[in-house]
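Spelled out from the first residue to the last, the chains are:
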Amino acid sequence: MSIEQKLQTAEQLLAPWNKETIRPEENRLDVVIQPEALHEAVSVLHEAKWGYLSAITGMDMGVEAGQLEALYHFCNGPAITSLRVRMPRNEAVVSSIADIIPPATFFEREIKEMFGIEVNGLAVTDHLFLPEDWPIGVYPQRADFTNEQAKAMEESHVDQMPEPGRVGENTFVVPIGPQHPALKEPGHFSFTVDGEIVTAAKMRLGYAHRGIEKAAESRSWVENLYLFERVCGICSHTHAMAFSTGVEQLAKVEVPMRAQAIRELVAGLERVHSHLLWLGVAAHEAGFDTLFMYSWRDRETVMDLLEQITGNRVNYSANLLGGVKCDIGEEQSKAIKEGLSYLETRIRHYLEVVTTDAMFLNRTRGIGTITAPEAERFGLLGPTARASGVMRDVRVEAPYGAYIRYPVSLVTETNGDLEARCVVRLKELLVSCFAMRSILDNMPDGPLTARMPRKIPAGETVARIEAPRGELFYFIKSNGGEIPARVHVRTPSLCNWVSVLEKAVGRQLADVPMLIAGMDPCFSCNDRVVTVVDSATQENWSWKRLREYGIEYYSR
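What you see is a predicted model, and the numbers here were worked out from it, not measured in a lab.

**Things to note about the pattern of salt bridges**
In this structure the tally under the stated criterion is 34 salt bridges. Residue D30 is joined to R28 by a salt bridge in which the shortest nitrogen-to-oxygen separation is 3.6 Å. Judged by relative accessible area, R28 falls into the buried class, the value being 0%. Across the pair E69 and R86 runs a salt bridge whose closest N-O atoms are separated by 2.8 Å. A residue pair is termed long-range when its members are at least 10 positions apart, and E69 in strand β4 (residues 67–76) and R86 in strand β5 (residues 79–88) qualify at 17 residues. According to the relative accessible area criterion, E69 is buried, its value standing at 2%. Because the salt bridges share partners, they merge into one network encompassing E20, E25, R28, D30, E69, R84, R86 and E460.

Right under this line is the structure:
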């Protein structure tokens, strides 16, 4: 079915509630509906199996407009249908759709905390992203938000909150995090256990973010490229590529093929880096530190290659708006091929280890099994979904950039357990190595950049990139100026958390670290906002003050 046919099908399904139809881009259909029609409209799309809910974007149209919007984005291959719900700014209410689509609960809690959109029927209303002492009625993503509004509530006494403990004769609540030796990033989990068996699970995010989406609204398009590259230290290139792709779509600028090929090449190296890092973390959680150390040793190979190509080992800064800033010469090409030969040998060895080592299999085989229907219900993305047999990969479903010329093969497994997730990731590395060789052997000639306008034409766009953990979703809006009006980032980890909380119930508490590690979570990708309070004056620091402090600190 073509993109147009898919969009026509969606339009027909939504016809009973359609108040206005908008076509922002060739592959997108926006249908304006009333808030009270949301639940029914989502039910129809879901029952018709028209794609999956990829993200919910909140937008404040400004004080003068007096309106908030919530966009429910459904993706079906390259086709995207968005339900656009408009609400009065002082009375913004929608119904929860989490009973239809469970992962929507995290998206709904985000628009509630960030924009003040009330969600009727939301099962959990605790803060997910904002601090516990965040002032009531203050929403950081609203257009008229100021730093002074974010003064912590004095009566909250968050530091004195007792941790829950024994809640029944043999029932305890076990808190894990936010700082814990088994987790490499801060996140808080609360597991209720009856003896050793987990009977309930919930989580809390919000410990690592830096308010990047809000900061983007006061920075130029070029400055924002470097800002979004810092959402995540592991998949920094993927974030920069998603932002660049979206801005280039808005500007209708065609990136030279050589630049697109180099972007895919760096993305392939980043995938190898990310998956080997994950393998080491998973091995460590399983008590297999030999595998941890060997996989991280081999990861150095790809880190060295990235440094040789871009000059950096973490935030590579390979992208420019309109292209890339680094070329691949004969010397780099030879070094990459030698590195790939070494890595392919090691990856095949690790594939044998994770499928034959008796100790490791005790911690992975049959653990955390997610069937294909469950994966669809949980809205899983990336290798976690593909390990359950769900064929979901943006590079294959909706090829972008150089993936049209240098396609990759889809890797799936059907067992759906932790072992399958290991196998999928390692096989994906072999596919990535093959694709990178193909690029190096057939590198197109031509320039590295195309000219970009300083002001980006007004409009909205969606950029979807397959990050190492799954689909990365960027919604970008321009009002025609030198800075974006809105950038919304939905990372794959946010979609995959539901499966961890659901599958932990009924398992031994000792399996929990492996369940968490199995989805390859990224906490810095999830989080949203932090405030810095001057201990002497009790005033909130501005970005300018924080930057000045950073410069002063590192000049000592």
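**Let's talk about unusual backbone geometry**
Here the phi dihedral of K252 falls at roughly 55°; this positive angle occurs in a residue that is not glycine. Relative to the helices and strands, K252 is located in the loop between α6 (236–251) and α7 (257–285). One non-glycine residue, S317, lies in the positive phi region at around 55°. Inspection of the secondary structure assignment puts S317 in the loop between α8 (289–310) and β11 (319–320).

**Points about the packing of helix α9 (residues 330–356) against helix α14 (residues 418–441)**
For the pair α9 and α14, interaxial distance at closest approach is 10 Å and the crossing angle is 160°. Between α9 and α14, the angle is such that the two are roughly antiparallel. In this structure, the crossing between α9 and α14 has a hand that is left-handed.

**What about the nonpolar core?**
Core analysis: the largest hydrophobic core is formed by 129 residues, its most contacted members being L38, L53, Y72, F74, L83 and I117. The element best represented in this core is α7, accounting for 12 residues. Grouped together as the second largest cluster of nonpolar side chains are 39 residues, L227, A240, F243 and V247 included.

**Points about the sheet that holds strand β15 (residues 484–490)**
Spatially, the three strands line up as an open sheet ordered β13-β14-β15, and their pairing is antiparallel. Looking at which strands have only one partner, the edges of the open sheet turn out to be β13 (459–467) and β15. Strand after strand, the sheet turns through a mean of 15° between neighbouring axes, direction not considered. Where strand β14 (residues 470–478) lies against β15, six bridges are found, and the strand directions are antiparallel. Bridging across to β15, Y474 finds its partner in V489.

**Section: the packing of aromatic side chains**
Enumeration over the complete set of coordinates arrives at eight aromatic pairs. Their ring planes at 70° and their centres at 5.0 Å tell us that F292 and W296 sit as a pair that is edge-to-face. Of this pair, F292 and W296 are both found in helix α8, four residues apart, which corresponds to roughly one turn of the helix. Of the residues examined, F292 reaches a relative accessible area of 18% and is grouped as buried. Members of the aromatic cluster, joined through ring pairs, are W221, F228, F243 and Y474. Across from the ring centre of W296, 5.0 Å away, lies the NZ or CZ of R299, which sits over that ring.

**Some words on the packing of helix α5 (residues 221–228) against α6**
When two helices pack together, their arrangement is captured by the angle between the axes and the distance separating the axes. Relative to each other, α5 and α6 sit at 155°, their axes nearing to 8 Å. On the basis of their axis angle, the class for α5 and α6 is roughly antiparallel. Between α5 and α6 lies a crossing whose hand is right-handed. Where α5 abuts α6, its residues W221, N224, L225 and F228 lie against H239, A240, F243, S244, V247 and L250.

**Topic: the pairing of β4**
The element β4 is largely enclosed, with a buried count of nine among its 10 residues. As judged from the eight bridges shared by strand β3 (residues 52–60) and β4, these two strands associate in the antiparallel manner. Following the sheet pairing, Y52 is matched in β4 by C75. Where β4 and β5 come together, 10 bridges link them in antiparallel fashion. When the sheet's bridge partners are listed, C75 is paired in β5 with I80.

**Some remarks on the sheet that holds strand β9 (residues 188–194)**
Taken together, the three strands give an open sheet; going across it, the order is β8-β9-β10, and neighbouring strands pair in antiparallel fashion. The two strands at the open ends of the sheet, each matched to only one other strand, are β8 (171–176) and β10 (197–204). Each adjacent strand pair in this sheet contributes to an overall mean axis angle of 20°, direction not counted. Two strands pair when backbone bridges link them, and β8 and β9 are joined in this way by six bridges, in the antiparallel orientation. Of the residues in β9, the one forming a bridge with I176 is F189. Along the sheet, helix α15 (residues 492–504) contacts β9 and β10; its crossing angle with β10, the most-contacted strand, is approximately 155°.

**Here's the deal with the state of the cysteines**
Per the stated rule, a full pass over the model turns up zero disulfides. Here C75 stays free of any disulfide, with the sulfur of C495 as its closest cysteine sulfur at 9.9 Å.

**What about α7?**
In a regular helix each residue adds 1.5 Å, so 29 residues correspond to 42 Å; α7 covers 42 Å between its end C-alpha atoms and thus fits that length. Counting buried positions along α7 gives 27 out of 29 residues, so the element sits mostly inside the fold. At the C-terminal side of α7, G287 shows a positive phi close to 85°.

Criteria and thresholds
- Position numbers for residues count from 1 along each chain, tracking the sequence in the order it is written.
- In keeping with the predicted nature of the model, local features appear solely for residues at pLDDT of at least 70, side-chain atom pairs appear and are counted solely at 80 or more, and the whole-chain, interface and lining totals rest on all residues.
- Here the side-chain values reflect all heavy atoms present in the structure, with hydrogen atoms and water set aside.
- For salt bridges, the criterion is a side-chain nitrogen of Lys or Arg within 4 Å of an Asp or Glu carboxyl oxygen.
- Throughout, exposure labels follow a simple rule: accessible area from a 1.4 Å probe, protein chains only, divided by the maximum for the residue type, with under 20% read as buried, over 50% as exposed, and the rest as partly exposed.
- By the criteria applied, helices consist of DSSP H or I runs no shorter than four residues and strands consist of E runs no shorter than two, each listed in order from the N terminus.
- Here an axis means a line fitted to C-alpha atoms, over the contact stretch when the element is a helix, while the angle between two N-to-C directions is reported on a 0 to 180 degree scale.
- Angular relationships are summarised with four words: roughly parallel below 35 degrees, roughly antiparallel beyond 145, roughly perpendicular across 65 to 115, and oblique for the angles in between.
- By convention the crossing between two helices is left-handed if the near helix lies anticlockwise of the far one by an angle smaller than a right angle, and right-handed if it lies clockwise.
- Nonpolar cores are built from buried Ala, Val, Leu, Ile, Met, Phe, Trp, Tyr and Cys residues. Side-chain atoms within 4.5 Å join them into one set.
- In short, DSSP must find at least two bridges between two strands for them to pair.
- A pair of aromatic rings is counted whenever rings of Phe, Tyr or Trp (Trp by its six-membered ring) have centres within 6.5 Å, and the orientation is called stacked for planes under 30 degrees apart, edge-to-face for over 60 and tilted otherwise.
- Two conditions define a charge located above a ring, namely a distance within 6 Å from the ring centre to NZ of Lys or CZ of Arg, and an angle within 35 degrees of the ring normal.
- Contact between two residues is taken to exist if any of their heavy atoms lie within 4.5 Å; hydrogens are not considered.
- Cysteine sulfur pairs qualify as disulfides if the two atoms are within 2.5 Å.
- Multiplying one less than the number of residues by 1.5 Å gives the expected span of a helix.

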